[in-house]
Amino acid sequence: PDWPIFSADAILCINMVHISPWEATEGLFAGGDALLVPSAPLILYGPFLEADVATAPSNLAFDENLGRNTQWGLRQLSRVDSLAESRGFVRTRRSAMPANNLTLVYRKV
């Protein structure tokens with residue numbers, strides 16, 4: 001909950017959301033809310049589940065493997081978006097990346 005800095009121009013988080021408890025993602029957006037000025041980006045990179053997009057078989061297998069820790073797993077993008085909105089962020093970009101990953105850009109409003 002305590003970050004060792006008082007402000008940031010941006011936050012980049014790579015491959016954390018799916019291999020940590022959900023509370024870590026909550027903490028990420030809470031920290032972003034405290035540290036970032038309006039329009040500053042909070043950028044996520046990694047695999048996500050999307051309701052209207054077929055999940056690659058490799059991501060499904062990866063998610064199953066992550067299940068050995070019950071607090072880990074691919075997150076529904078809609079749930080991440082809801083959390084972001086609750087902390088004053090809006091998703092402004094979704095970019096497909098290699099290996100079935102996404103880059104997601106949220107901006108503080």
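Right above here is the structure, for reference.
Structure report, in brief.

What counts as what
- Residues numbered from 1 in each chain as written.
- Predicted model: local features only at pLDDT ≥ 70, side-chain atom pairs only at ≥ 80, totals over all residues.
- Heavy atoms only, no water.
- Helix = DSSP H or I, 4+ residues; strand = E, 2+ residues; numbered from the N terminus.
- Buried < 20%, exposed > 50% of the residue type's maximum accessible area, 1.4 Å probe, protein only.
- Salt bridge = Lys/Arg side-chain N within 4 Å of Asp/Glu carboxyl O.
- Phe/Tyr/Trp six-rings, centres within 6.5 Å; stacked < 30°, edge-to-face > 60°.

**Some remarks on unusual backbone geometry**
Positive phi is not limited to glycine here, since S39 has a value of about 80°. Within the secondary structure, S39 sits in the loop between α1 (22-35) and β2 (41-46). A positive phi angle, near 60°, is found at N100, a position not held by glycine. Among the secondary structure elements, N100 is positioned in the loop between β5 (89-97) and β6 (101-108). On the basis of relative accessible area, N100 is assigned to the partly exposed category, the value being 39%.

**What to know about the pattern of salt bridges**
Applying the stated criterion across every chain yields a total of four salt bridges. Between D33 and R87 there is a salt bridge whose closest N-O contact spans 3.8 Å. Taken together, the positions of D33 in helix α1 and R87 in the loop between α3 (77-86) and β5 put the pair 54 residues apart, joining distant regions of the chain. Linking K108 and D33 is a salt bridge whose minimum nitrogen-to-oxygen distance equals 3.4 Å. Of this pair, K108 sits in strand β6 while D33 sits in helix α1; the two residues are 75 residues apart in sequence, bridging distant segments of the chain.

**Some details on the packing of aromatic side chains**
A complete count under the given rule lists two aromatic pairs for this structure. Considering the side-chain rings of F29 and F89, the 5.6 Å spacing of their centres and the 75° angle between planes classify their relative orientation as edge-to-face. Of this pair, F29 sits in helix α1 while F89 sits in strand β5; the two residues are 60 residues apart in sequence, bridging distant segments of the chain. A relative accessible area of 0% places F29 in the buried class. Overall, the relative accessible area of 2% leaves F89 in the buried class.

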